[in-house]
Every structure is written in C-alpha cells, then in structure tokens.
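If you want the building blocks of each chain, they are given just below.
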Amino acid sequence: MNYQHNFSLKNYNTFGIKALAKSFVEVTSTEELTQVLKDNQDIFILGGGSNMLLTQNIEKLVVHVNLKGIEVVKEDDNFVWVKGNAGENWHEFVQWCIAKDFGGIENLSLIPGNVGTTPIQNIGAYGVEIKDTMYRCEAMNIETQQMQTFTNAECEFAYRESIFKNELKGQFIITSVIYKLTKKNHNLNTSYGAIDAELAKMNIENPTIKNISEAVIAIRSSKLPNPKELGNSGSFFKNPIISKELYEKAVQQFSEMPHYKVSETEVKVPAGWLIEQAGFKGKRFGDAGIHKNQALVLVNYGEATGKEIYDLSKLIQKTVLEKFGIAIEAEVNII
C-alpha cells in the first residue's frame, strides 16, 4: 500500500473542492483494509466522494475504499441476488444489472457515488429507494476489524437515513452490498416525476427496464450538471416532511405549493420549489451558486471553497424558513 502525504482531494470529491489530506491511502481488498485499520487509529473513510462537502483540510489519514467486483451470489426462477463491492461505481453497477435484465434499480440510474455508500444514505430517486432492493450488506467494524452482516431490517432505513448515519455512525465501513432483483415480471415504476412523459417522447408504450433507465438518464441529464464538468453533489437538500397543520397554514399564503402525502398527518414538500420561490435558482455568489435548471443543486463554478458553498446553503435555509416557516435540511454530509 502506498501512503501519500499532503494529498490533494480535489479529484476525490464531486464538488471539486481543493482540500488536502494529511495522509492518504487507497485500499483494494478487505485484507488491506484490515491492516490499515490495525495500524492507524485516527482515520477518515472516503468512498466515491459524491455526498459530501469538504469545508476544511482533513488532518488525519484518509482511507479511500476502492474494493471492486460484481457477482451473482444466488438466483431462482424469479429473482437474482447480485453482490457489488463497495468501490464499484453505482451507475456502472446499475447498467451491469440492466444489461442482464435484472430489474429493480433502473430508476436509480445516473446517481453519483459508489455501491458502498448506497445503504448509508438510502439513496432514492423517481419513486424508488435502496431499501426496496437491498438484501443485506457486509461491513467491517472499524475498532475490531470484524466483519458483520446487516439485513435490510437491521439497516433501519428511512428517508435518506439508515442506522449507519445514526446509532452506528463512524463505527463501520461497508465493504459490499447484495441486492435482490427481479429476473422477470419486473415491477416497472414510471409514474413518478416525468418518466411517463419522457417515455412518450421516446415513442415507447411498453417500456423495458432499459427504457426506463434511458428515460431517467435523459431527465437527470437535462436537469442536473455532470460533476466532471461542474462541481456538485446532486441534491444538496432533503425534501422536508412537515405536519399537515404546517402545510395547511403555509398553503393559505402560498396556494400553489406542491406536496405529496406521506401519511395521514404528514406531507412532503419539494425543497427545490421552496428554494426557487425564495429566489435562489440560477443565482451565483462568486464561484458558489445554485444551478440554473435545478434549485436543489448547489454548484462550484471553479474556485469556490467548501466554506463558501456551506455559507450559501445556510443562507438558503435561513431564507426559506423566514419565507415559508419550513426548515430544510442538508442531504450532503458537511465535513
């Protein structure tokens, strides 16, 4: 293993923030990971770098988890269990599954990041979340280096939440994830967002999972900037889930406010709509800004610091709260 010092993390975070790691090492096997954890106490775990904002240098050893490999571990007539190692690029993993006609994750196409971080965040898009297909994951206990398996239920999934963001935060490194996917009779989810409209534009009446993936890719590409071209971390904020009473109070003043029913007592309001109505969409503050096509996405136009993007996010939160009485939370991890 090659330990490097004063290592630039600019190419290891999708915001393209210039930050330094005191030390840096890449691990490509669980054996290497075990050795690094035995030899070092103070570490920072780095996966695909897609769901974080670096506001400072990392004054510790950064361990880049880059375990590769995809395999079918089990199958029957209707289902297949596919294992992806933590360092596999998520979108490439989705495309690998689609090429084999394994269904269930096609709506999650083009989400940045790696396989290993998908359960942590319970990533989701277009009516589908990781909790819908994740069978189990394997993780290494950072303190003991023992491997532990977590079932779907044990991950305690919620909206953009899991046990790895709460009770077990900072205690485990996910090394692989197994997804239970369909081999036939795919449960196609086309009703969310603009998927049906995009399929109609493509003149497709009976879509395959590949068609749905292509539609999602087209929609995301039209709204979201490519991190390789414009630094960003996808959706910066969660869609707030608020009480029915708070929504009814807000909608008296803002009658056009969209919402989605979550339960009998709660509704979800699109954070992008709130941010746009607060006047931020397309605005630029130096090299930090809000994307012109999607108000949920904060961007780095080149030389923005993590603190400048963080300060902009706090300004957005403050303005939205003052205008609508609704608090919005960051989805991105602030480092």
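Structure report, in brief. Since this is a predicted model, take the numbers as computed values, not measurements.

Quick look at the nonpolar core
- Grouped together as the largest cluster of nonpolar side chains are 43 residues, with contacts concentrated most on L9, F237, M257, L274, I275, I309 and I316.
- Elements that contribute at least two residues to this core include exactly β2 (20-27), β3 (43-46), β4 (52-53), β5 (58-65), α6 (244-253), α7 (271-277), β18 (288-290) and α8 (306-324).
- Among the elements that make up this core, the one with the highest residue count is α8 (five residues).
- Discounting residues that sit within four places of it in the chain, I275 has contacts with F237, F280, K281, A295, L296, I316, V320 and I328.
- Grouped together as the second largest cluster of nonpolar side chains are 38 residues, I98, A139, F157 and I163 included.

Remarks on the sheet that holds β18
- Spatially, the four strands line up as an open sheet ordered β13-β19-β18-β17, and their pairing is antiparallel. Two strands close off the open sheet at either side, each with one partner strand: β13 (231-232) and β17 (284-285).
- When β13 meets strand β19 (residues 298-300), the two strands line up antiparallel, connected through two bridges. Across the sheet, the residue bridging to N232 is V299, located in β19.
- Sheet strands in contact with α8 are β17, β18 and β19, and its direction is about 40 degrees off that of β18.

What about the environment of R136?
- On the secondary structure map, R136 appears in strand β10 (residues 134-141).
- Look at R136 and you get partly exposed, because its relative accessible area is 32%.
- For the pair formed by R136 and P119, sequence separation is 17 residues and the distance between their alpha carbons is 9.3 Å.
- Contacts of R136, omitting those with residues within four sequence positions, involve T149, F150, T151, V177 and I178.

Focus on the sheet that holds strand β1 (residues 4-8)
- If you walk across this open sheet you meet the four strands as β1-β2-β5-β3, and the pairing is mixed. The outermost strands of the open sheet, each flanked by one partner alone, are β1 and β3. The mean angle between the axes of side-by-side strands here comes to 45 degrees, regardless of whether they run parallel or antiparallel.
- Examined bridge by bridge, β3 and β5 share four bridges and lie parallel to one another. Residue pairing for β5: F44 is matched across the bridge by V62.
- In this fold helix α1 (residues 30-39) packs onto β2, β3 and β5, with an angle of close to 145 degrees to the strand it touches most, β2.

What counts, and at which threshold
Residues numbered from 1 in each chain as written. Predicted model: local features only at pLDDT ≥ 70, side-chain atom pairs only at ≥ 80, totals over all residues. Heavy atoms only, no water. Core = buried A, V, L, I, M, F, W, Y, C linked by side-chain atoms within 4.5 Å. Buried < 20%, exposed > 50% of the residue type's maximum accessible area, 1.4 Å probe, protein only. Helix = DSSP H or I, 4+ residues; strand = E, 2+ residues; numbered from the N terminus. Contact = heavy atoms within 4.5 Å. Pairing = 2+ DSSP bridges. Axes fitted to C-alpha atoms, helices over the stretch in contact; angles between N-to-C directions.

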